[in-house]
Amino acid sequence: MCSLPNTTKSKVSVYASGEQAMMDASQSRRHLLLLPLLKRFVKWGITANHLTGLSLLCGIGFCFSYGMTWDQAKPLAFCLLLLHVLLDGIDGPLARFQKIAGNRGSFTDTISDQLVVTFTTITLIHYGEATIIAGSLYLFFYTLVVTFAMIRSTLAIPYSWLVRPRFIVYAWLPVETYFLPGTLNYLLWIFILLLGWKSLTGFYKIRRKL
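Residues numbered from 1 in each chain as written. Predicted model: local features only at pLDDT ≥ 70, side-chain atom pairs only at ≥ 80, totals over all residues. Heavy atoms only, no water.

### Focus on the side chain of Asp91
Right, so step 1: Inspection of the secondary structure puts Asp91 in helix α3 (residues 73–97).
Right, so step 2: Reaching out from Asp91, the side chain makes a polar contact with the side chain of Thr52 at a distance of 2.8 Å.
Right, so step 3: When sequence neighbours within four positions are dropped, the list of residues in contact with Asp91 reads Ala48, Leu51, Thr52 and Asp109. (Helix = DSSP H or I, 4+ residues; strand = E, 2+ residues; numbered from the N terminus. Polar contact = N/O pair within 3.5 Å; in protein donor to acceptor, adjacent residues only side chain to side chain. Contact = heavy atoms within 4.5 Å.)

### Let's talk about the nonpolar core
Right, so step 1: Core analysis: the largest hydrophobic core is formed by 26 residues, its most contacted members being Phe62, Tyr138, Val169, Leu173, Leu184, Leu188 and Leu195.
Right, so step 2: Put simply, the parts of the chain that give this core at least two residues each are α2 (48–66), α3, α4 (103–126), α5 (132–154), α6 (166–178) and α7 (184–209).
Right, so step 3: Considering every element that reaches this core, the biggest residue donor is α5, with seven residues.
Right, so step 4: Other than its neighbours up to four places away in sequence, Tyr138 contacts Val117, Thr121, Pro165, Arg166, Val169, Leu188, Phe191, Ile192 and Leu195.
Right, so step 5: Within the second largest apolar cluster, eight residues are counted, among which are Leu38, Cys58, Leu87 and Leu94. (Core = buried A, V, L, I, M, F, W, Y, C linked by side-chain atoms within 4.5 Å. Buried < 20%, exposed > 50% of the residue type's maximum accessible area, 1.4 Å probe, protein only.)

### Regarding the UniProt feature "transmembrane region" (unreviewed entry) in the protein
Right, so step 1: With numbering aligned to this structure, UniProt lists the feature "transmembrane region" (unreviewed entry) at residues 48–69 and 186–204.
Right, so step 2: As annotated, residues 48–69 comprises 86% helix and 0% strand, and the C-alpha atoms at either end are separated by 34 Å.
Right, so step 3: Between the C-alpha atoms that bound residues 186–204 the distance is 28 Å, and the span itself is 100% helix and 0% strand. (UniProt positions renumbered as here; feature names shortened; annotations may be inferred.)

### Quick word on the packing of α2 against α4
Right, so step 1: Viewed as axis vectors pointing N to C, α2 and α4 meet at an angle of 5°, and their least axial separation amounts to 9 Å. By the angle between their directions, the pair α2 and α4 is classed as roughly parallel. Between α2, through Thr52, Leu56, Gly59, Ile60, Phe62, Cys63 and Tyr66, and α4, the contact on the second element is made entirely by Thr108, Asp109, Ser112, Leu115, Val116, Phe119, Thr120, Thr123 and Leu124.
Right, so step 2: Here the residues of the contact of α2 with α4 sort into nine nonpolar, six polar and one charged. (Axes fitted to C-alpha atoms, helices over the stretch in contact; angles between N-to-C directions. Parallel < 35°, antiparallel > 145°, perpendicular 65-115°, else oblique. Nonpolar A, V, L, I, M, F, W, Y, C, P; charged D, E, K, R; others polar.)

### A look at empty space enclosed by the protein
Right, so step 1: According to the stated counting rule, one finds one cavity of 30 Å³ or more in the structure shown.
Right, so step 2: Roughly 30 Å³ of internal volume is contained in the largest cavity.
Right, so step 3: If you trace the largest cavity, you find it lined by Val117, Thr120, Thr121, Leu124, Tyr138, Val169 and Tyr170.
Right, so step 4: For the lining of the largest cavity, the secondary-structure elements that each account for two or more residues are α4 and α6.
Right, so step 5: Ranked by residues supplied to the lining of the largest cavity, first place goes to α4 with four residues. (1 Å grid on protein atoms, 1.4 Å probe; cavity = no way out; pocket = protein on both sides within 12 Å on 5 of 7 lines; lining within 4 Å. Points joined across faces, edges and corners; volume = space filled by probe spheres on them.)

What follows is the structure, encoded as structure tokens:
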């Protein structure tokens, strides 16, 4: 059985010990599952940064195609968003496989993900899928939690658990479009409450550490 290779660069963790153990197990499984693809990427000269950049472009592509009026615009938009998520799930394993995983790549990946969250949320507000209040609060608290997570990791006080609602929101968009229109705002408000709580606890922990 192939084992997950060790990284050669130090990497600050944003996870507490319990969640870190879960993440390590998940990363090991993903490594084994993606190993043939990772080897092919290395052979083709594709790096984790290439995948991160392509993932960002797919996320932005969703924003441009979502509001188009031709028949296949929405399916194309959802396919681009799915491709963004898949590529985002491969760039980390590829970096670890190439033994170049580190804080720089993690930071780049986080900023890329946050840009897609920002652009997609603005897109949903623009086209009326999310209200201005719900969309704005969701984006504000999401950004705050990500910022606090990075600060806390540098202070060695990582979150015991992190809220990652973007995947659920992305998965809900086809449901909102084809089956349950008008429900996205309810989902956003649930995450606003969770993200708001994590923002409050994050601020308290950082302030007490300083």
